[in-house]
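# Residue-level structure breakdown
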Amino acid sequence: MELLKAIAARDEAALAQLYDRYRVILFGLLMRILNNREEAEDVLQEVFLQVWRKAEDFDEERGRPFTWLVTLGRSRGIDRLRTLASRERVAEAGARDAVEEISDAASDAFRSEQRGLVNKALAQLPDEQKRPLMLAYFDGLTQSEIAMRLDAPLGTVKTRMRTGLMTLRELLAGQGESFGF
Amino acid sequence: MVHEDYKEMIPARALSALDAAEERALNEHLENCDQCRKELEDWQATAATLAVVADPVEPSPKVRERILSEVRKELATPEVIPFRSTSRNVWRSFGSLGAMAAVVLLTALIVGLIVIWRENRAIKEELARTREFVQLATTPGAKTNELKGVDLGAGATAKFAYDKTGHAMLMADNLPSVPRGKAYQLWFIVGKNPPMPGKTFSPDSAGNGVVIDQMPKEALDSAIFAITLEPEGGVDKPTGQIYLRSFEVN
């Protein structure tokens, strides 16, 4: 929060600090979406420059900085994905080169805790609810596209997606602090 | 659609998974519904937690350098940083464009007026000089002569008039511009005597020059007139090349 205020006040060091804190999560997200290091780095740069230019637009009453930053990053990543129309990416996460480049920061206990919480919650979702969420979040597919991809009725996909996200919210309830600054 | 219909769409909107038409409809509703806006923010917070599922990956250190380098550039030129929201910027841009257009128009108008005023003044001055020259040339007992360009002054011409008191006027056209520190100088040449110096002058940008002088008495009856390029203050003896000269002895 304070970092964003400092960035809005044109504090370059605050931006560097924010970058150091979130680069790994955001770059991991962008790599998952784009599966292309060059594109992901380009978008990561765009995202932080947008943070620099738009930090004053952040409204703390409308959400956590984590949400703002991740929503911004994902939105840029999906935009780039759609622009590139490069759906040829390899879906299997294990096949990516990037995995071997996981930073030391990945072992950070705090971050691991976050991942653990979300993964644990997702593990409790039935696959039929989890898959639409993953396809929407990381592949940028709309409900109609997901319905086609899964060969399921659109109404069913809508219901499963909504139910899945509601369940995730309930399971993560009270863990919100873990995703703040 | 009613409020409840929109409310059901919000989780999908938080995942950007609505089709275009649905998203447009919901966005319109959100503009007027605080409750749904708040709900969207809550769902977006839940959706954002999915980001940590992705494997963390370290970007190249060059990305950090590029970002900070760009930021420093913007700090050096803060006026180009678009801080405000797009909508406000659009209107500000229109305002700025309008102001810029007004400044450009005003500047063009002022420049145009100056040009007209200068042209008008130049024409008036030219008319005044011509009138003065005609008056002098038509004075009883006055004489006129013509000078022609030679060598570097080829293409230039001049008219020379003087009355019987030696009051003289030269009007030259198409003279080459003079280098810095130089000026044209009028000379009176009588017989084989050394040239007698007259006044100096510099032509305008069109090559027109005027000089009014008092002729030496020796030149009143018989002389050749010449123009040379000399140091700005003039010299006693010609040192530069002749640009104009008369061929008929007056």
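What counts and what doesn't
Residues numbered from 1 in each chain as written. Chains lettered and ligands numbered in written order. Predicted model: local features only at pLDDT ≥ 70, side-chain atom pairs only at ≥ 80, totals over all residues. Heavy atoms only, no water. Helix = DSSP H or I, 4+ residues; strand = E, 2+ residues; numbered from the N terminus. Areas by Shrake-Rupley, 256 points an atom, 1.4 Å probe, with all protein chains shown as cover. Contact = heavy atoms within 4.5 Å. Buried area = accessible area lost by both parts, 1.4 Å probe. Salt bridge = Lys/Arg side-chain N within 4 Å of Asp/Glu carboxyl O. Nonpolar A, V, L, I, M, F, W, Y, C, P; charged D, E, K, R; others polar. pLDDT = per-residue confidence, 0-100. Phe/Tyr/Trp six-rings, centres within 6.5 Å; stacked < 30°, edge-to-face > 60°. Buried < 20%, exposed > 50% of the residue type's maximum accessible area, 1.4 Å probe, protein only. Axes fitted to C-alpha atoms, helices over the stretch in contact; angles between N-to-C directions. Parallel < 35°, antiparallel > 145°, perpendicular 65-115°, else oblique. Left-handed = near helix turned anticlockwise from the far one by under 90°. Pairing = 2+ DSSP bridges.

### So, the overall build of chain A
A tally of regular secondary structure across chain A gives eight helices and zero strands. Element order for chain A, N to C, with α for helix and β for strand: α-α-α-α-α-α-α-α. As displayed, chain A has an accessible area near 8600 Å², and 46% of this comes from carbon and sulfur atoms.

### A few points about the environment of A:Gly140
Mapped onto the fold, A:Gly140 is located in the loop between helix 6 (127–139) and helix 7 (143–150). Separated by 61 residues in sequence, A:Gly140 and A:Asp79 have C-alpha atoms that sit 8.5 Å apart.

### Considerations on the interface of chain A and chain B
Interfaces are often sized by the amount of accessible area the parts lose when they come together. With 64 residues of chain A in contact, the opposing surface of chain B contributes 45 residues. Summing both partners gives a buried area of about 5200 Å² for chain A against chain B, and 61% of it is carried by carbon and sulfur. Taken together, chain A and chain B are joined by seven salt bridges. For the salt bridge of A:Arg53 with B:Glu74, the shortest nitrogen-to-oxygen distance reads 2.2 Å. If you list the elements that add at least two residues to the side of chain A that touches chain B, you get helix 2 (12–34), helix 3 (37–54), helix 4 (65–84), helix 5 (109–123), helix 6, helix 7 and helix 8 (154–172) of chain A. The element that contributes the greatest number of residues to the side of chain A that touches chain B is helix 2 of chain A, accounting for 13 residues. Here the side of chain A that touches chain B is built from residues that sort into 33 nonpolar, ten polar and 21 charged.

### Some details on the confidence of the model for chain A
Of all residues in chain A, 80% attain a pLDDT of 70 or more, and the chain-wide mean is 83. Counted against residues more than four places away or in other chains, residues 89–107 of chain A, with its pLDDT under 50, gives 29 contacts.

### What about the packing of aromatic side chains?
All names here are of chain B. Counted under the stated rule, the structure contains eleven aromatic pairs over all chains. For the pair Tyr-162 and Phe-225, a centre-to-centre distance of 6.0 Å together with 65° between the ring planes defines the contact as edge-to-face. Of this pair, Tyr-162 sits in strand 2 (residues 157–162) while Phe-225 is found in strand 7 (residues 224–231), placing the two residues 63 residues apart along the sequence. Exposure class is identical for Tyr-162 and Phe-225. Each is buried.

### A look at the packing of helix 6 of chain A against helix 7 of chain A
Residue and element names in this part refer to chain A. Direction vectors running N to C along helix 6 and helix 7 enclose 125°, while the axes themselves pass 10 Å from each other. With respect to their mutual orientation, helix 6 and helix 7 come out oblique. Considering how the two elements wind past one another, helix 6 and helix 7 form a crossing that is right-handed. Touching Arg-131, Pro-132, Leu-135 and Ala-136 of helix 6 are Ile-146, Arg-149 and Leu-150, all from helix 7.

### Examining the sheet that holds strand 1 (residues 143–149) of chain B
Backbone hydrogen bonds are what pair the strands of a sheet, in a parallel or an antiparallel way. Residue and element names in this part refer to chain B. Overall, antiparallel pairing links the eight strands, which are arranged 5-4-7-8-1-2-3-6 in an open sheet. Edge strands, defined here as strands with exactly one partner in the open sheet, are strand 5 (196–201) and strand 6 (209–214). Averaged over all pairs of adjacent strands, the angle between strand axes in this sheet comes to 25°, irrespective of strand direction. The pairing of strand 2 with strand 3 (residues 167–173) spans six bridges and is classified as antiparallel. From the neighbouring strand, Ala-158 faces strand 3, where its bridge partner is Ala-172.

### Some details on the packing of helix 1 (residues 3–14) of chain B against helix 2 (residues 20–32) of chain B
Residues and elements named next belong to chain B. Direction vectors running N to C along helix 1 and helix 2 enclose 115°, while the axes themselves pass 10 Å from each other. Taken as a pair, helix 1 and helix 2 cross one another with a handedness that is left-handed. Together, His-3, Tyr-6, Met-9, Ile-10 and Arg-13 of helix 1 and Glu-22, Glu-23, Ala-25, Leu-26, Asn-27 and His-29 of helix 2 make up the contact between the two elements. Class assignment of the residues belonging to the contact of helix 1 with helix 2 gives a composition of five nonpolar, three polar and three charged.

### Focus on the pattern of salt bridges
All names here are of chain B. Under the counting rule described, the total for this entry stands at 17 salt bridges over all chains. Across the salt bridge formed by Asp-34 and Arg-37, the nearest N and O atoms sit 2.2 Å from each other. Of the two residues, Asp-34 and Arg-37 are both situated in helix 3 (residues 34–48); the distance of three residues between them amounts to about one turn of the helix.

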